[in-house]
Each structure stands twice: as structure tokens, then as C-alpha cells.
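Below are the chains, spelled out letter by letter.
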Amino acid sequence: GAGVSQTPSNKVTEKGKYVELRCDPISGHTALYWYRQSLGQGPEFLIYFQGTGAADDSGLPNDRFFAVRPEGSVSTLKIQRTERGDSAVYLCASSPGASTGDTQYFGPGTRLTVL
Amino acid sequence: AQSVTQLDSHVSVSEGTPVLLRCNYSSSYSPSLFWYVQHPNKGLQLLLKYTSAATLVKGINGFEAEFKKSETSFHLTKPSAHMSDAAEYFCVVSDRWKTSYDKVIFGPGTSLSVIP
């Protein structure tokens, strides 16, 4: 079956611009996570959705970052007034639900470059 | 709170020799533990996971890991390295300490090189 997909695969933007990154989770997965991976580091948690609601957004670095999941499926990560420090790979993962130890299935990521 | 330490940032082995990637964790609650692999410009792939059943876990591509609670370790091993094993490996801990869902923490990663 289809895995987690993310679009675009690469995004180059200029400092100060607005970007949207999209995640399509595995069909039927109710849990969705966003992570950010900087060069040479492990992914860092940004936000977790259970269904349509953001159950934990404690990892978002500041109020320029926002994410939505209006219908409980596709999610969009939105970054306003981008800065060079936002350059990273943004990863999305989904899991079947809220059971302990559920495997998270990762998408290929979106590589964001802010010039 | 959780934390993950991967003791080696880089490991280099010869093809056909054993692989050992070390991971120690800290968790205030019953953790689940995972190993993921990331090949260059590819997504993260699950190798194996421990969720409180058998402490010796077998995964894909001949990898296995042993959960040792007394040592708070979850080291990844493989008897014989292949060239295709060259990649970045992440140890991951998740638990529900102060949350109602699995809060996941990634280690910093270990880069594995395989020498022909």
C-alpha cells in the first residue's frame, strides 16, 4: 500500500517568504507527527496530531510555525517569514493510533532551503 | 524525561565483519525502543522495535538488538556487514511520561561505513 508522502520534495525560498509543506499520511492512520532534521542531527519533534486536533505543539520553535490537519488526514506545516535558520529537512510520520509502542512510518521529507 | 545517547557518532567496519552500534537511553516510564536506518537522500526505515515482549528483538536485513533494562541499553548488532548497510542509524525511545501519547526522542545518529 501507499506510504507517507510529502510534497514538495525540495523547496527553495528567499528569506522572509511564506512556505507550506504538505504531508499525506497512510490511509486510516489517526496519529500524525512533524519533525525537523538539521544536517548531521537526529529528527526533532515539532507537533503531534491525533485526528484533527494538535495534541502537542510544544516542539514548534516559535509563532512563525503553524500546522493544520483540518479533516484528520492531510496535514500542512506553514512557516511565515522564513529565516535562514529554518533550512532543514522536514519529516512527517503517521501511526495507526494511540496504542503504546505504535510504529511511526516516515515520509521521505521536504528539504527546505532558505536563501 | 527521556533521552538517548548513541555512543559513537561514526563506526567503520570491513565487509563481512560484525557490526555493533551502541545506544543507551533514559526513561522515567516503560519505554518502547526502536532502531531506524536512513540511507542518503532516503526516508527513515524501521529496522526493529522493542515494546516489552522478548528482550532480544530481530529485525530486517539480519539486524537484531537486545533490551537490557539493568544497563539501560539497546545496542544494535549484525553478524556480518554488507556494503548496502552503509547508512545513518538512529536509536529512538518513546514513552508516555506526562503525556497521553507516545513522545518520541531520537538519538543523534551513528554513521556506519562499510569498507570493501
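This structure is a prediction, so every number in the text was calculated from the model and none was measured.

A. Molecular detail of the overall build of chain A. Counting secondary structure elements, chain A contains zero helices and 11 strands. Moving toward the C terminus, one meets the helices and strands of chain A in the order β-β-β-β-β-β-β-β-β-β-β. The C-alpha radius of gyration computed for chain A amounts to 13 Å, which stays within 12% of the reference 13 Å derived for 115 residues, consistent with globular compactness. C-alpha atoms of chain A, sized along the principal axes, occupy 40 × 25 × 25 Å. Evaluated residue by residue, chain A yields a buried proportion of 47% over its 115 residues.

B. Spatial organisation of the pairing of strand S3 (residues 19-24) of chain A. Residue and element names in this part refer to chain A. Where burial is concerned, the two faces of S3 differ: the one with Val19, Leu21 and Cys23 is buried and the one with Glu20, Arg22 and Asp24 is not. Pairing of strand S1 (residues 5-7) with S3 involves three bridges; the strand directions are antiparallel. Within S3, the position partnered with Ser5 by the bridge is Asp24. Pairing between S3 and strand S8 (residues 75-79): five bridges, direction antiparallel. Residue pairing in the sheet places Glu20 in a bridge with Lys78 of S8.

What counts as what
Residues numbered from 1 in each chain as written. Chains lettered and ligands numbered in written order. Predicted model: local features only at pLDDT ≥ 70, side-chain atom pairs only at ≥ 80, totals over all residues. Heavy atoms only, no water. Helix = DSSP H or I, 4+ residues; strand = E, 2+ residues; numbered from the N terminus. Rg over C-alpha atoms; globule rule 2.2 N^0.38 Å. Buried < 20%, exposed > 50% of the residue type's maximum accessible area, 1.4 Å probe, protein only. Pairing = 2+ DSSP bridges.

Purely geometric stuff here, so don't read any function into it on its own.
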